[in-house]
Amino acid sequence: FTIEGMAASLAVLRQMDEARLAPTKETLGKYLLAAGEALVTGGIHTPNHRWVVCQALARINSLFPAAKYVNRIDDWLGEGIDIDSDGQFCERSAGIYSRVTVNAFVTMARLLDRPALLQPVRRNLDMSLYYMHPDGEVETVASRRQDQNMAGSAANYLPYRYLAILDNNPAYAAVARLLEAKAAEGGNSAISFMEMPLLKKPLPAGGTVPSDYAKVFPNSGLARIRRGNISASVYGGSDWPAGGGAGLASNPTFFNFRKGKAILQSVRMGGQFFSEAVFRSEGLQANGNEYTLHQRLDVPYYQPLPKNLRNPKGDYPLTPARDFRFWSKLDFPHRQMSNIQTLDQKVTVVEKQGAFELHFDITGHDRVPFTVELAFRPGGELGGSLQELPARDN
């Protein structure tokens, strides 16, 4: 990550005929060459790291050309680019790592003279047009990274501006203007403009950001709806209960809504049913203006172990219960399940030209206490009347 800014700085310094800059250029060059030796053999932790390594190697190669840098880039690219039919990268991180990946491919395409590497960039930017809220923020609830619990990430300014000019794309230009007006860009914008003369050219005229649509992104289990200054998301693409740890989409928010400055950040739901945690839908079904979310919980009790598997010392393998909600030294996989208790939860979101109705249908087990949480973004004041819904026994 540090190579991007340092290599761009050296590229800009090389454009300047100034003797006093020689020691700085030499220092930067030594650092970049040493880093290059590590990057041609070093490994990675996450999907986007592959492309960041390639970006760094492309940077170093543009300054100190060597076949080993390009060979290593081709080695990583040989794995295939992780972009799905929605235009989303596998981490689904619209707020952080999609922009990291997009920036990496723009750099590689530009410095390696490989325009084909701009195709995944265009596909992701096209998709992101429909992830945008009216103020330029992007929807992150479906992410598999830390931004699933963050709000306020702006769309990817530099690639939108770069490709707006390169492709003469008015829609991309509209995004760039929106973000410029809101001063939403951070990072290395200044050095990028210094390095790439293309960014200084005027944006194409015209163009608008899409603002009246209902689109479903099936690979992320996400529906995005815009009606002017109204923006909403219906989400059912959780990876739960695949396991614990980072890299999984586990945000239990299944609906959010905003109209102007009023922002309902999340709607969540949970019941007191064997500590099975909050509602996370097992997918999203779209039918016209209706979006259905569903989760069925089946919680068993366990019978004694078969006699041939019993241990007189009572020492059994540490294993998870079938639903992974807890572990115990009970050798769960070898026990017969019985008395299975079921809770069937369904939420139907109905959109009526910017107005949304949420219908809850919870069956399968009587008298389970449930809570529906509405969390608003800080800074506003809740007013008007709130009518309590009648409770049902089933």
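Up top you'll find the structure we're talking about.
The structure contained in this document is the topic of the report that follows. Not measured: the values here are computed from a predicted model.

### Quick notes on the side chain of Asn256
Following the sequence through the fold, Asn256 ends up in strand S4 (residues 255-259). Under the relative-accessibility criterion, Asn256 is labelled buried at 9%. In this structure the side chain of Asn256 is engaged in a polar contact, spanning 3.1 Å, whose partner is the side chain of Glu139. Apart from the residues lying within four places of it in its own chain, the contact partners of Asn256 are His133, Glu139, Ser231, Ala232, Ser233, Leu264, Gln265 and Ser266.

### Observations concerning the pairing of strand S1 (residues 212-217)
Relative to strand S2 (residues 222-227), S1 is paired through 6 bridges, and the arrangement is antiparallel. Looking at the pairing, Tyr213 lines up with Arg226 of S2. Where S1 hands over to S2, the hairpin turn is made up of 4 residues, of which Gly221 adopts a positive phi near 60 degrees.

### Points about the sheet that holds strand S10 (residues 337-352)
Ordered in space as S6-S7-S10-S11, the 4 strands form an open sheet in which the pairing is antiparallel. Looking at which strands have only one partner, the edges of the open sheet turn out to be strand S6 (284-287) and strand S11 (355-363). Adjacent strand axes in the sheet meet at a mean angle of 20 degrees when their direction is disregarded. As paired strands, S10 and S11 are joined by 9 bridges and run antiparallel to one another. Directly across from Glu351, in S11, lies its bridge partner Phe356.

### Re the sheet that holds S4
Spatial strand order, S1-S2-S3-S4-S5-S12: 6 strands in an open sheet with antiparallel pairing. Each edge of the open sheet carries a strand with a single partner, namely S1 and strand S12 (370-376). Each adjacent strand pair in this sheet contributes to an overall mean axis angle of 10 degrees, direction not counted. Where strand S5 (residues 262-271) meets S12, 7 bridges bridge the pair, whose relative direction is antiparallel. Across the sheet, Gly270 pairs through a bridge with Thr371, a residue of S12.

### Some remarks on the packing of helix H7 (residues 157-167) against helix H8 (residues 170-181)
A pair of packed helices can be characterised by two numbers: the angle between their axes and the separation between those axes. Where H7 contacts H8, the two axes come as close as 8 Å, and the packing angle between them is 140 degrees. Taken together, H7 and H8 sit at an angle that is classed as oblique. Where H7 crosses over H8, the handedness of that crossing is left-handed. When H7 is examined against H8, the residues Tyr157, Tyr160, Arg161, Leu163 and Ala164 are found in contact with a partner set consisting of Tyr172, Ala173, Val175, Ala176, Leu179 and Glu180.

### Points about a nonpolar patch on the surface
A contiguous nonpolar patch, built from Val372, Leu374, Phe376 and Leu382 and spanning about 380 Å² of accessible area, is present on the exposed surface. Within the secondary structure, Val372 is located in strand S12. When its relative accessible area of 37% is taken as the criterion, Val372 is described as partly exposed.

### What to know about the packing of aromatic side chains
The tally for this structure, following the rule as stated, stands at 12 aromatic pairs. Geometrically, the ring pair formed by Phe255 and Phe356 is tilted, given 5.4 Å between the ring centres and 55 degrees between the ring planes. In this pair, Phe255 sits in strand S4 while Phe356 sits in strand S11, placing the two residues 101 residues apart along the sequence. Using a relative accessible area of 3% as the deciding quantity, one classes Phe255 as buried. When its relative accessible area of 18% is taken as the criterion, Phe356 is described as buried. Their ring planes at 55 degrees and their centres at 4.7 Å tell us that Tyr302 and Phe332 sit as a pair that is tilted. Of the two residues, Tyr302 sits in strand S7 (residues 290-302) while Phe332 sits in the loop between strand S9 (327-328) and S10, which places them 30 residues apart along the sequence. Given a relative accessible area of 5%, Phe332 falls into the buried group.

### What about the pairing of S10?
As judged from the 12 bridges shared by S7 and S10, these two strands associate in the antiparallel manner. Pairing of Leu293 across the sheet is with Val347, part of S10. Counted along the chain from S10 to the antiparallel partner S11, the turn is 2 residues long, and its residue Gln353 has a positive phi close to 50 degrees.

### Re the environment of Met6
Along the chain, Met6 falls in helix H1 (residues 2-14). In sequence terms Met6 and Ala94 are 88 residues apart; their C-alpha atoms lie 25 Å from each other. Met6 has contacts with Leu28, Tyr31 and Leu32, leaving out every residue within four places of it along the chain.

### Examining the nonpolar core
One finds Ile3, Ile73, Met108, Val121 and Val175 to be the most contacted residues of the largest nonpolar core, which totals 68 residues. Put simply, the parts of the chain that give this core at least two residues each are H1, helix H2 (22-39), helix H3 (47-63), helix H4 (67-77), helix H5 (97-111), helix H6 (119-128), H7 and H8. Sort the elements by how many residues they give to this core and H3 lands first, with 8 residues. Setting aside chain neighbours within four positions, we find Ile3 in contact with Ala8, Tyr31, Leu32, Ala35, Leu39, Ala56, Arg59 and Ile60.

### Here's the deal with empty space enclosed by the protein
Per the stated rule, a full pass over the model turns up 4 cavities of 30 Å³ or more. Space inside the largest cavity adds up to approximately 90 Å³. Considering the residues around the largest cavity, the lining is formed by Ala94, Ser98, Arg99, Asn124, Leu125, Ser128, Val138, Ala154, Ala155, Asn156 and Tyr160. Mapped onto the lining of the largest cavity, the elements with two or more residues apiece are H5 and H6. Sorting elements by how many residues they give to the lining of the largest cavity places H6 first, with 3 residues.

About the cut-offs
- Residues numbered from 1 in each chain as written.
- Predicted model: local features only at pLDDT ≥ 70, side-chain atom pairs only at ≥ 80, totals over all residues.
- Heavy atoms only, no water.
- Helix = DSSP H or I, 4+ residues; strand = E, 2+ residues; numbered from the N terminus.
- Buried < 20%, exposed > 50% of the residue type's maximum accessible area, 1.4 Å probe, protein only.
- Polar contact = N/O pair within 3.5 Å; in protein donor to acceptor, adjacent residues only side chain to side chain.
- Contact = heavy atoms within 4.5 Å.
- Pairing = 2+ DSSP bridges.
- Axes fitted to C-alpha atoms, helices over the stretch in contact; angles between N-to-C directions.
- Parallel < 35°, antiparallel > 145°, perpendicular 65-115°, else oblique.
- Left-handed = near helix turned anticlockwise from the far one by under 90°.
- Patch = residues over 30% accessible without salt bridge, like charges linked within 9 Å, V, L, I, M, F, W, Y side chains within 5 Å.
- Areas by Shrake-Rupley, 256 points an atom, 1.4 Å probe, with all protein chains shown as cover.
- Salt bridge = Lys/Arg side-chain N within 4 Å of Asp/Glu carboxyl O.
- Phe/Tyr/Trp six-rings, centres within 6.5 Å; stacked < 30°, edge-to-face > 60°.
- Core = buried A, V, L, I, M, F, W, Y, C linked by side-chain atoms within 4.5 Å.
- 1 Å grid on protein atoms, 1.4 Å probe; cavity = no way out; pocket = protein on both sides within 12 Å on 5 of 7 lines; lining within 4 Å.
- Points joined across faces, edges and corners; volume = space filled by probe spheres on them.

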